[in-house]
Amino acid sequence: MPTQEAILYRMVLPDHVCPYGVRAKETLEAQGFAVDDRILASREDVDAFKAEHDFATTPQVFIDGERIGGSDELDRFFAA
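Residues numbered from 1 in each chain as written. Predicted model: local features only at pLDDT ≥ 70, side-chain atom pairs only at ≥ 80, totals over all residues. Heavy atoms only, no water.

Examining the packing of aromatic side chains
Using the following cut-off: Centres within 6.5 Å are what make two rings of Phe, Tyr or Trp a pair, Trp counting through its six-membered ring; a difference in plane orientation under 30 degrees is then read as stacked, over 60 as edge-to-face, and the rest as tilted.
Within the structure shown, the criterion is met by 6 aromatic pairs. Considering the side-chain rings of Phe77 and Phe78, the 5.2 Å spacing of their centres and the 75° angle between planes classify their relative orientation as edge-to-face. One aromatic cluster in this structure is built from Tyr9, Phe49, Phe55 and Phe62.

Thoughts on the environment of Cys18
Counted only if it meets this: Numbering of helices and strands starts at the N terminus; helices are DSSP runs of H or I of at least 4 residues and strands are runs of E of at least 2. Here, residues are in contact when the closest pair of their heavy atoms is within 4.5 Å.
Turning to its location among the elements, Cys18 is positioned in the loop between β2 (16-17) and α1 (19-30). Along the chain, Cys18 and Pro59 lie 41 residues apart, while their C-alpha atoms are 8.1 Å from each other. Filtering out sequence-adjacent residues up to four positions away, Cys18 remains in contact with Met11, Thr58 and Pro59.

Topic: the pairing of strand β5 (residues 66-69)
Rules: Strand pairing is defined by DSSP finding a minimum of two bridges between the two strands.
Across 3 bridges, strand β4 (residues 60-63) lies against β5 in antiparallel orientation. Bridged to Ile63 within β5 is Glu66. Where β4 hands over to β5, the hairpin turn is made up of 2 residues, of which Asp64 adopts a positive phi near 55°.

Some remarks on unusual backbone geometry
In this model, Thr58 is joined to Pro59 through a cis peptide bond whose omega is 5°. With respect to the helices and strands, Pro59 occurs in the loop between α2 (43-53) and β4. Residues other than glycine seldom take positive phi values, yet Asp54 does so here, at roughly 60°. Within the secondary structure layout, Asp54 lies in the loop between α2 and β4.

Some points on the pattern of salt bridges
Stated formally: Salt bridges are counted wherever a side-chain nitrogen of Lys or Arg sits within 4 Å of a carboxyl oxygen of Asp or Glu. Between buried and exposed lies partly exposed: a residue is buried under 20% and exposed over 50% of the maximum accessible area for its type, with that area taken using a 1.4 Å probe on protein chains only.
Scanning the model with the defined rule gives 6 salt bridges in all. In this structure, Arg23 and Asp75 form a salt bridge, with 3.2 Å as the shortest nitrogen-oxygen distance. Of this pair, Arg23 sits in helix α1 while Asp75 sits in helix α3 (residues 71-79), and the two are 52 residues apart along the sequence. Residue classification places Asp75 among the partly exposed positions, given a relative accessible area of 32%. Close ionic contact of Glu73 with Arg76 constitutes a salt bridge, the shortest N to O distance being 3.8 Å. Here Arg76 and Glu73 lie together in helix α3, a separation of 3 residues that amounts to about one turn. Judged by its relative accessible area of 54%, Arg76 is exposed. If you follow the salt bridges from partner to partner, you end up with Arg10, Lys25 and Asp37 in one network.

Structural measurements only, silent on function.
Set out below in structure tokens:
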């Protein structure tokens, strides 16, 4: 069976690594997902991503083209 892939957009700035993004990546890997880890490496990248997609926060997780949401929503997704 092929490994399922998830896309994760998360903030990794020079002076700050978002702990929720780290948690989301660890959760996905623990569930056996290959993670397409898309780093938002500047405040401008983060703001542009949020504006383009109309999201208020990062990280954002997508599985099979469906937006799951952030790390709390990801926990609920796997708990269901």
